[in-house]
Amino acid sequence: MCIKNFRKYILCIYALFANVILYAQQIDALKIKTSAKENPTATFRCRVPHQYNQSSKVKYRLLIYFGGRNTTGEHEVKNPTWTNWCDKNGVFLVVPSYKNDNYWEPQKWSGKALLEAIAQLKKKYPNICDDKLLFYGYSAGAQCSNLFPAWIPTKTRAYVSHACGVFHKPSDKMKGVAGLLTCGDADRQRMVINNRFRAAYRNLGVNILWKSFPNHPHDVPQGSTYLAQEFLEFYHKLYANDLDKSVPKPRENLKPLLVGDDQDGVVYPIDSPAAKQIYEEDRVFFFSKELADAWVKSAAMP
């Protein structure tokens, strides 16, 4: 290799590593002191979207991501499946690292710690939107993504709970919060609990989007992640007014347009004869065609 080409090679390698270092610096680790015995200091890893502009007048939304039980958040905050989604949508990714102490119960200590972390993050990034949050969680994290929104419903835009085993008490206060539940049907105990929770909300006249995944135990099917992201993106974009007050408030359909059969993954017009044949516990109502299409597509995924 000639000296000229060698220099070009070195410059290219330098540029590559410089970009990697710059990109790595977009993750802030916030330390919050708590009163919990096993969590004297809780770490919140906050990933800044790649195209973040500190001068932007349009605010940036936050996705609070809860991984499995006692996760440190180090893997989740770098998971390309979610970091790519956050970059695409201009969303900050916030991953708490709680450990035991019933951390899924926000009223005890973990909720206060999260709000303090968000307040600290806002000092550094003033143009984040510190309310109308998005939540996602799996397993013990799903308990968080279900209980935290009920603790702060006015600060929540939408939540997703996958393979959840502990739920909040259904309340009218959650009528303005979009929710999605998913679970593998081989995760039998959690399936039963999910169905009870959905039934309780049906009695309150609140629709929660639902999808089970055949033959999946306590894992995360590809289809569940796809549907979760489509769901969160739908409400993130629908309520762009949360981030930019010059955007008109949306008009959501008040009546369902379509109904899905969770057993076969097929969607029908709401007034069709086929829709009336679906068992009540298997009915999934859709107020938008976009979410119905995503639901059908997720059913065909592994």
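Preceding this paragraph is the structure being described.
These lines cover the structure that appears in this document, whether it is placed above or below. (Residues numbered from 1 in each chain as written. Predicted model: local features only at pLDDT ≥ 70, side-chain atom pairs only at ≥ 80, totals over all residues. Heavy atoms only, no water.)

Here's the deal with the nonpolar core
What counts is decided by this rule: We define a nonpolar core as any set of buried Ala, Val, Leu, Ile, Met, Phe, Trp, Tyr and Cys residues linked to one another through side-chain atoms lying within 4.5 Å. Burial classification: accessible surface area is computed with a 1.4 Å probe over protein chains only, and a residue below 20% of its type maximum counts as buried, one above 50% as exposed, and the rest as partly exposed. We count a stretch as a helix when DSSP gives it H or I for four or more residues in a row; a strand needs E for two or more, and each element gets its number in order from the N terminus. Whether two residues are in contact is decided by their heavy atoms: any pair within 4.5 Å suffices.
Judged by nonpolar contacts, the single largest core of 80 residues is most densely connected at Phe44, Leu63, Tyr98, Phe231 and Leu232. Residue contributions to this core peak at 7 residues, all from helix H6 (residues 222–238). The residues touching Tyr98, leaving out its near neighbours within four places in the chain, are Asn39, Ala42, Phe44, Phe66, Asn70, Thr71, Tyr103, Trp109, Ser110, Ala113, Leu114 and Phe148.

So, the pairing of strand E2 (residues 41–47)
We apply this condition: We treat two strands as partners when DSSP finds at least two bridges between them.
With 6 of 7 residues buried, E2 is to be regarded as a mostly interior element. Of the strand pairs in this sheet, strand E1 (residues 27–33) and E2 are connected by 7 bridges, and their pairing is antiparallel. Across the sheet, the residue bridging to Leu30 is Phe44, located in E2.

Here's the deal with the sheet that holds strand E11 (residues 283–286)
Selection criterion: As a rule, the C-alpha atoms of each element are fitted with a line to give its axis, helices using only the stretch in contact, and angles between N-to-C directions run from 0 to 180 degrees.
Pairing is antiparallel in the open sheet, where 3 strands are placed in the order E10-E9-E11. Since the sheet does not close on itself, it has two edges, and those belong to strand E10 (266–269) and E11, each with one partner. When strand polarity is set aside, the average angle formed by the axes of neighbouring strands in this sheet is 30°. When strand E9 (residues 258–261) meets E10, the two strands line up antiparallel, connected through 4 bridges. From the neighbouring strand, Val259 faces E10, where its bridge partner is Tyr268.

Some words on the packing of aromatic side chains
We count it as follows: Aromatic contacts are taken between Phe, Tyr and Trp rings whose centres are within 6.5 Å, Trp giving its six-membered ring; a plane angle under 30 degrees counts as stacked, one over 60 as edge-to-face, and the others as tilted. Look at NZ for Lys and CZ for Arg. If either is within 6 Å of the ring centre and within 35 degrees of the ring normal, a charge sits over the ring.
Scanning the model with the defined rule gives 21 aromatic pairs in all. On the basis of an interplanar angle of 75° and a centroid distance of 6.0 Å, the ring pair of Tyr60 and Phe92 is categorised as edge-to-face. With Tyr60 in the loop between E2 and strand E3 (61–66) and Phe92 in strand E4 (residues 91–97), this pair connects stretches of sequence that are 32 residues apart. For Tyr60, a relative accessible area of 10% corresponds to the buried category. Clustering of aromatic rings is evident, with ring pairs tying together Phe44, Phe66, Tyr98, Tyr103, Trp104, Trp109, Phe135 and Phe148. Stacked on the ring of Tyr239, the Lys or Arg Arg157 has its end atom at 3.7 Å from the ring centre. In this arrangement the basic side chain of Lys211 is found over the ring face of Trp295, its NZ or CZ atom lying 5.3 Å from the centre.

As for empty space enclosed by the protein
Counted only if it meets this: Using only the protein atoms, space was sampled on a 1 Å grid; points where a 1.4 Å probe fits but cannot get out form cavities, open sets with protein on both sides within 12 Å along at least five of seven lines form pockets, and lining residues are those with an atom within 4 Å of a point. Grid points are joined across faces, edges and corners, and a volume is the space filled by probe spheres set on the points. Three residue categories are used. Nonpolar comprises Ala, Val, Leu, Ile, Met, Phe, Trp, Tyr, Cys and Pro, charged comprises Asp, Glu, Lys and Arg, and polar comprises the others, including Gly.
In this structure the tally under the stated criterion is 2 cavities of 30 Å³ or more. Taken as a whole, the largest cavity holds about 50 Å³ of empty space. Forming the boundary of the largest cavity are Phe66, Gly67, Gly68, Asn70, Thr71, Pro96, Tyr98 and Tyr103. The class makeup of the residues in the lining of the largest cavity is 4 nonpolar, 4 polar and no charged. Estimates place the volume of the second largest cavity at around 40 Å³. Residue lining of the second largest cavity: Tyr159, His168, Met174, Val177, Gly179, Tyr201, Val206, Asn207 and Ile208, and that is the complete set. Class assignment for the residues of the lining of the second largest cavity results in 6 nonpolar, 3 polar and no charged.

Looking at the sheet that holds strand E5 (residues 133–138)
The sheet built from 8 strands is open, its strands ordered E1-E2-E4-E3-E5-E6-E7-E8 with mixed pairing. Strands with a single pairing partner mark the edges of an open sheet, and in this sheet they are E1 and strand E8 (209–213). Mean inter-strand twist for the sheet, computed between neighbouring axes without regard to direction, equals 15°. Of the strand pairs in this sheet, E3 and E4 are connected by 4 bridges, and their pairing is parallel. Considered in E4, the bridge of Ile64 is made with Val94. Against the sheet, helix H3 (residues 106–124) engages E1, E2, E3, E4 and E5, with an angle of about 135° to E1. On top of the sheet, H6 reaches E3, E4, E5, strand E6 (156–162), strand E7 (178–184) and E8; it is set at about 175° to E6, its chief contact.

Concerning the side chain of Asn127
Here is the rule we go by: Throughout this description, a polar contact denotes any pair of N or O atoms lying within 3.5 Å of each other; where both atoms belong to protein, one of them has to be capable of donating a hydrogen while the other can accept it, and for residues adjacent in sequence the pair is counted only when both atoms sit in side chains.
By the element assignment, Asn127 lies in the loop between H3 and E5. Residue Asn127 is classed as buried on the basis of its relative accessible area, which comes to 9%. In terms of polar contacts, Asn127 uses its side chain to reach the backbone carbonyl oxygen of Asn53, at 3.1 Å. Reaching out from Asn127, the side chain makes a polar contact with the backbone oxygen of Ser56 at a distance of 3.2 Å. Setting aside residues up to four positions removed in sequence, Asn127 forms contacts with Tyr52, Asn53, Gln54, Ser55, Ser56, Val58, Lys59 and Tyr60.

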